[in-house]
Amino acid sequence: MVGRGELTDVAWERIAPLLPGVDGRGRPWRDHRQVINGVLWRLRTGAPWRDLPERYGPWQTAYERFARWEADGTWARLLEQVQVRDDSVEAVEWTVSVDSTINRAHQHAAGARKGGAPTEDKLEDPVRASAGQALGRSRGGLTTKIHHACDGRGLPLAVVVTPGNVNDSTVFDTVMDELRVPRTRAGRPRRRPDAVIADKAYSSRAIRQVLRRRGIQAVIPERADQKANRLRRGTTGGRPPTFDRELYKTRNVVERCFARLKQFRAIATRFDKLAARYHAGLHLASLILWLREPVTQPRRVPTAG
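Below, the structure is looked at part by part. (Residues numbered from 1 in each chain as written. Predicted model: local features only at pLDDT ≥ 70, side-chain atom pairs only at ≥ 80, totals over all residues. Heavy atoms only, no water.)

Note on aromatic pairs: each is described by the distance of the centres and the angle between the planes. With the rule as written, the count across this model stands at 6 aromatic pairs. On the basis of an interplanar angle of 70° and a centroid distance of 5.5 Å, the ring pair of Trp 49 and Tyr 63 is categorised as edge-to-face. Within this pair, whereas Trp 49 is found in the loop between helix 2 (32-45) and helix 3 (59-71), its partner Tyr 63 is found in helix 3, the two being separated by 14 residues in sequence. Overall, the relative accessible area of 12% leaves Trp 49 in the buried class. Their ring planes at 40° and their centres at 5.5 Å tell us that Trp 49 and Phe 66 sit as a pair that is tilted. (Phe/Tyr/Trp six-rings, centres within 6.5 Å; stacked < 30°, edge-to-face > 60°. Helix = DSSP H or I, 4+ residues; strand = E, 2+ residues; numbered from the N terminus. Buried < 20%, exposed > 50% of the residue type's maximum accessible area, 1.4 Å probe, protein only.)

As structure tokens, then:
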């Protein structure tokens, strides 16, 4: 019997062939499904690893599997493979929405080791542990910001983690660089959406120029101060940027995506000391959202021009 929040039989059948058969030392893994369900339980509840229920096996096994698959990129590859499968049947809607959300960091998220000599084991490398833990200080305390791009169905295509006090527009290029879905056949990965929808925080000439050069429709409203400055300059202020109001109404999918991700309590509140661990949790939560979505042909969103 499948417990609440655990992998369903359909979801397990989709990812089981993608999982590694043996670990890096040539030994067989403990039951993958049991361990992944344990990791999902911790991600959903936000509880300490030591409180993992016995039905999921030793908590050390679940934590080590989660950490090692973060270090070797297994979680990211699983998410990528599911995206590839959906894109191969044209289920991905390439009208992409970009936004960010700020999450509070628990006091246990601070205090990652900052000294010591580097080691060969990525799990115990203090240099790696101290490099950029994506914690920013504000009036509310330590925060972490999640920047992501989702498709027209509200499924994450790219996720970037930064300190909470980082401006959204400065991370836009990084988010777009992370947007990458390989092809099942020969050819380069798809990196160019049909349109990018974003709010006024991303309203800048530089962002619009980048999208224009790549042939991507920009659906970004102009800020009031930018509009006033343009009008004040008269004919030298240039024409107003094009803006599709009807297409912009679909931007709420990115907010709904954040709401679904934050149903995982370890995402809504950051408990992980290392940014890489928190990022891996986001990859796993995003993977679950993709597995829950039925694979259907996309609805066609009209674009300007």
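In this section: the pairing of strand 1 (residues 95-105). With respect to burial, strand 1 is a largely interior element, 9 of its 11 residues being buried. Inspection of the sheet shows strand 1 paired to strand 5 (residues 195-197) by 3 bridges, in the parallel sense. Looking at the pairing, Ser 97 lines up with Ile 197 of strand 5. Here strand 1 pairs with strand 3 (residues 141-150) via 8 bridges, running antiparallel. When the bridges of strand 3 are listed, Val 98 appears paired with Ala 149. Bridging between strand 1 and strand 7 (residues 269-270) involves 2 bridges; their strand directions are parallel. In the sheet register, Ala 105 faces strand 7, and the bridge partner there is Arg 270. (Pairing = 2+ DSSP bridges.)

Bringing helix 3 into the picture now. A rise of 1.5 Å per residue sets the reference length of helix 3, with its 13 residues, at 18 Å; its end C-alpha atoms lie 18 Å apart and thus fit the reference within 8%. Considered for burial, the residues of helix 3 that qualify are Ala 62, Arg 65, Phe 66, Ala 67, Trp 69 and Glu 70. (Expected span 1.5 Å × (residues − 1).)

Let us now look at the packing of helix 10 (residues 252-261) against helix 12 (residues 275-292). In contact at an axis separation of 10 Å, helix 10 and helix 12 are set at 110° when each is read in the N-to-C sense. The angle between helix 10 and helix 12 places the two elements in the roughly perpendicular class. Judged by the sense of rotation from one axis to the other, the crossing of helix 10 with helix 12 is right-handed. Along its contact with helix 10, which presents Cys 257, Arg 260 and Leu 261, the element helix 12 presents Ala 285, Ser 286 and Leu 289. Across the contact of helix 10 with helix 12, the residue classes break down as 4 nonpolar, 1 polar and 1 charged. (Axes fitted to C-alpha atoms, helices over the stretch in contact; angles between N-to-C directions. Parallel < 35°, antiparallel > 145°, perpendicular 65-115°, else oblique. Left-handed = near helix turned anticlockwise from the far one by under 90°. Contact = heavy atoms within 4.5 Å. Nonpolar A, V, L, I, M, F, W, Y, C, P; charged D, E, K, R; others polar.)

Purely geometric stuff here, so don't read any function into it on its own.
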